[in-house]
There are 2 protein chains.
Amino acid sequence: MSRNKVNYALIDDASQRKVSSNKRLKGLLKKSDELKTLCDVEVATVIYDPYKNEPYTFPNNDIVRNTFIKFKELPTLERSKNMVTREEFTMQRIKMLEEQLQKVRKENRVKEMTNEMYEVFKRKNVSADMNPSDLNDLVV
Amino acid sequence: MSRNKVNYALIDDASQRKVSSNKRLKGLLKKSDELKTLCDVEVATVIYDPYKNEPYTFPNNDIVRNTFIKFKELPTLERSKNMVTREEFTMQRIKMLEEQLQKVRKENRVKEMTNEMYEVFKRKNVSADMNPSDLNDLVV
DNA sequence: GGCTCTATGTATAATTA
DNA sequence: TTAATTATACATAGAGC
C-alpha cells in the first residue's frame, strides 16, 4: 500500500485522474473554508471539472458573484488618491477594533478562570479563610 | 516546539492570524495549481486579504476574469440581489467587529459581577447554597 | 515583522472490499 | 465504480533567530 511522491504532471489514466480530482477538490474546498474562517480572508472560487457543465463554487454562487463584481470594480477604485487615504483610515479603525476585542477577550479569560474557582468553591463549600493562592492548585 | 490541532474558529491574535494567513494562502495556491495540473481542472480564485486593496488571484487576473465571465453568463444562474461593493464589505466588517466587541464586553460585565460575588462570598463567608441564577438580577 | 527549522497534524495515493 | 482503510507525503503551528 501507501503512496508515492506526487509527479507534477497530468495523470494519464482518466479514471485514476477522476478519483484524484474528487479527493483534491474536496481537500481544496476544506482548505479554502479554513482560510476563510481562521484568517478572516474572503475567498471566491469557480472550478470547472471538464466532465461537468456546471462549475463548483466556493463558498457559493452568490458570494462568488459579489466578489467578482468587486474584482471588476478594482481599477476604478484605484483612481483616486483620496480613496487610498480613506481606506487606510478605515483599516486603522478595523485594526483598533480588533486590538480592543483581543484585549477584552483576554480579560474575559481571566475572569472565566475566577468564575470557575467560584464554582469549585461553592460546590465544595470550602472554608472562606482559605488562602486565595491555594486556588492556583485547582486550575486545570 | 510542535503543533496543536487547529481550532476551527477565527484566530484572535491579529499578527498570528496574519502569519497563518500567509502560510495558508501559499498552501492553497499550491493545491489549486496541483488540481489544475494533475487533474486538468479549471480553477479561478480571487482572495481578498482584509488589509490589502488588491486581491490575490489564481492563476492570474486575466484567466480569472474569463472564467468568471463564463460563470456569469451561464443561463441557468439567476441574478443575485445582494450585490455588495468593496466598500460596503469593509463597512460590514467594521459593524461585525463592533458587535462582537459589544457582546464580549457584555459577557465581561456578567463575569465581573460574578467575581464580585465571589469576593463578597469569601469576605462574608456566606452560605454556598445561594442559587447562581440570582446573580442575573444584578446584571446592568 | 519576516525567515528558517522541525515536530506533528492533515491530505491523499495506493490498496482492499 | 464508489467506499473505507492505511501508510506515507505534505502542510503548517510553534519556536528560535
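Residues numbered from 1 in each chain as written. Chains lettered and ligands numbered in written order. Predicted model: local features only at pLDDT ≥ 70, side-chain atom pairs only at ≥ 80, totals over all residues. Heavy atoms only, no water.

Draft legend 1. How the structure looks around the pairing of strand 1 (residues 42–48) of chain B. For strand 1 of chain B, the buried fraction is high: six of the seven residues fall into the buried class. Strand direction decides the pairing type here: strand 1 (residues 42–48) of chain A and strand 1 of chain B, joined by seven bridges, are antiparallel. Across the sheet, the residue bridging to Val43 of chain A is Ile47 of chain B, located in strand 1 of chain B. Examined bridge by bridge, strand 1 of chain B and strand 2 (residues 56–58) of chain B share three bridges and lie antiparallel to one another. Along strand 2 of chain B, the bridge assignment pairs Thr45 of chain B with Phe58 of chain B. (Buried < 20%, exposed > 50% of the residue type's maximum accessible area, 1.4 Å probe, protein only. Helix = DSSP H or I, 4+ residues; strand = E, 2+ residues; numbered from the N terminus. Pairing = 2+ DSSP bridges.)

Draft legend 2. Examining helix 1 (residues 14–39) of chain A more closely. The end-to-end C-alpha distance of helix 1 of chain A is 36 Å, a good match for the 38 Å that 26 residues give at a rise of 1.5 Å each. Taken together, the buried residues of helix 1 of chain A touch strand 1 and strand 2 (56–58) of chain A together with helix 1 (14–39) of chain B. Just downstream of helix 1 of chain A lies Asp40 of chain A, where phi reads positive at about 55°. (Expected span 1.5 Å × (residues − 1). Contact = heavy atoms within 4.5 Å.)

Draft legend 3. View of the sheet that holds strand 1 of chain A. If you walk across this open sheet you meet the four strands as 2(A)-1(A)-1(B)-2(B), and the pairing is antiparallel. The open sheet has two edge strands with one neighbour each: strand 2 of chain A together with strand 2 of chain B. Averaged over all pairs of adjacent strands, the angle between strand axes in this sheet comes to 5°, irrespective of strand direction. Sheet strands in contact with helix 1 of chain B are strand 1 and strand 2 of chain B, and its direction is about 20° off that of strand 2 of chain B. Along the sheet, helix 2 (residues 61–73) of chain B contacts strand 1 and strand 2 of chain A together with strand 1 and strand 2 of chain B; its crossing angle with strand 1 of chain B, the most-contacted strand, is approximately 105°. (Axes fitted to C-alpha atoms, helices over the stretch in contact; angles between N-to-C directions.)

Draft legend 4. Looking closely at the packing of aromatic side chains. Applying the stated criterion across every chain yields a total of two aromatic pairs over all chains. Ring centres of Phe68 of chain A and Phe71 of chain A lie 6.3 Å apart, and the angle between their planes is 35°; on these two criteria the pair is classed as tilted. In this pair, Phe68 of chain A and Phe71 of chain A both sit in helix 2 (residues 61–78), three residues apart, roughly one turn of the helix. Judged by relative accessible area, which is 3%, Phe68 of chain A ranks as buried. A residue is classified by how much of its surface remains accessible, and Phe71 of chain A, at 2% relative accessible area, is buried. A centroid spacing of 4.9 Å and a plane angle of 75° characterise the contact between Phe68 of chain A and Phe68 of chain B, whose relative ring orientation is edge-to-face. Residue Phe68 of chain A is located in helix 2, and its partner Phe68 of chain B is located in helix 2; the two belong to separate chains. These aromatic residues form a ring-pair network of at least three members: Phe68 and Phe71 of chain A together with Phe68 of chain B. (Phe/Tyr/Trp six-rings, centres within 6.5 Å; stacked < 30°, edge-to-face > 60°.)

Draft legend 5. View of the nonpolar core. Formed by 20 residues in total, the largest nonpolar core has its most connected members in Leu35 of chain A together with Leu35 of chain B. If near-sequence neighbours (up to four positions away) are discounted, Leu35 of chain A is found in contact with Asp40, Val41 and Val43 of chain A together with Ser21, Arg24, Leu25 and Leu28 of chain B. (Core = buried A, V, L, I, M, F, W, Y, C linked by side-chain atoms within 4.5 Å.)

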